[in-house]
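Observations on the three-dimensional arrangement
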Amino acid sequence: MAKLIVKTGDRAGMEYEVRDGMILGRRLEVAVHIEDVKASREHVKITSHGEGFVLMDLESTNGTFVNGSRTGRTRLNHGDVIRIGRTELVYHDPAAAPEPAEAPPPAAPATPRIDLGLPPPKQIRLDVPPPKKVNVKLQPNRPRRDKRK
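Here's what I pulled together on the structure shown here. (Residues numbered from 1 in each chain as written. Predicted model: local features only at pLDDT ≥ 70, side-chain atom pairs only at ≥ 80, totals over all residues. Heavy atoms only, no water.)

1. Some thoughts on the side chain of Asp57
The test is simple: Runs of H or I in DSSP of at least four residues are treated as helices and runs of E of at least two as strands, each being numbered from the N terminus. Note on exposure labels: buried denotes an accessible area under 20% of the residue type's maximum, exposed denotes more than 50%, and partly exposed covers the range between, all computed with a 1.4 Å probe on protein chains only. Only four residue types enter the charge count: Lys and Arg as positive, Asp and Glu as negative, with His and the chain ends excluded. Take a side-chain nitrogen of Lys or Arg and a carboxyl oxygen of Asp or Glu: if they are within 4 Å of each other, that pair is a salt bridge. Contacts are assigned to residue pairs with any non-hydrogen atoms lying within 4.5 Å of each other.
Within the element layout of this structure, Asp57 appears in strand S6 (residues 52–57). The side chain of Asp57 is buried and forms no salt bridge, while Arg70, the nearest opposite charge, is found at 6.0 Å. Setting aside residues up to four positions removed in sequence, Asp57 forms contacts with His43, Val44, Gly63, Thr64, Thr71 and Gly72.

2. Some words on the environment of Gly63
Mapped onto the secondary structure, Gly63 falls in the loop between S6 and strand S7 (64–66). Given the relative accessible area of 3%, Gly63 is considered buried. The spacing of Gly63 and Ile84 is 21 residues in sequence and 7.2 Å in space, taken between C-alpha atoms. Each residue touching Gly63, except ones within four places of it in the same chain, is listed here: His43, Asp57, Arg70 and Arg83.

3. Overview of the pattern of salt bridges
If you walk through the whole model with that rule in mind, you get four salt bridges. We note a salt bridge from Glu29 to Arg27, for which the minimum N-O separation is 3.7 Å. Across the pair Arg27 and Glu42 runs a salt bridge whose closest N-O atoms are separated by 3.0 Å. Of the two residues, Arg27 sits in the loop between strand S3 (22–25) and strand S4 (32–33) while Glu42 sits in the loop between S4 and strand S5 (44–49), which places them 15 residues apart along the sequence. Note on Glu42: relative accessible area 34%, which makes it partly exposed. A single salt-bridge network, built from bridges that share partners, covers Arg27, Glu29 and Glu42.

4. Observations concerning the sheet that holds S3
To be explicit about the condition: We treat two strands as partners when DSSP finds at least two bridges between them.
Read from one edge to the other, the open sheet built from five strands follows the order S4-S3-S5-S6-S9, with strand pairing classed as mixed. Across the chains shown, the open sheet's two edge strands, defined by having one partner strand only, are S4 and strand S9 (73–75). Of the pairings in the sheet, the one linking S3 to S5 comprises three bridges and is antiparallel in character. Within S5, the residue paired with Met22 across the bridge is Ile46.

5. Topic: the pairing of strand S1 (residues 3–8)
In terms of strand pairing, S1 meets strand S2 (residues 15–17) through three bridges, oriented antiparallel. Of the residues in S2, the one forming a bridge with Leu4 is Tyr16. In this structure, the hairpin formed by S1 and S2 is closed by a connection of six residues, where Gly9 is found at a positive phi of approximately 110°. Pairing of S1 with strand S11 (residues 87–92) involves five bridges; the strand directions are antiparallel.

Okay, structure coming up:
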């Protein structure tokens, strides 16, 4: 069963079962009400097509974006992010979800250290002479004389 999961917006976390002919928009009577000033009253329609679903923009003022690209009509794929105004929904279709990848083989053990019986390397010491002492006399501020006359 495919579903839409609201990712951002007033209804974040809500899930809706995807059905043929469902409409998303700002109008209260639509299948998925989107409380977003940038959403049209009837913004998009989702229809079944073969084994999946197609999303169609219903000539909305601010457009519909799927995975960041503006679209008028697009086939939905598992994981697609639909943006209507500032609201984002994720299309989740478990039937089309990729099979989980096999676990990678365990990592090889660390390379063993071989003791050659040698003493540890000597530490390098840089002898830097201390900085030379500099004598500085501080003079009190004297008023400036204006040389212009």
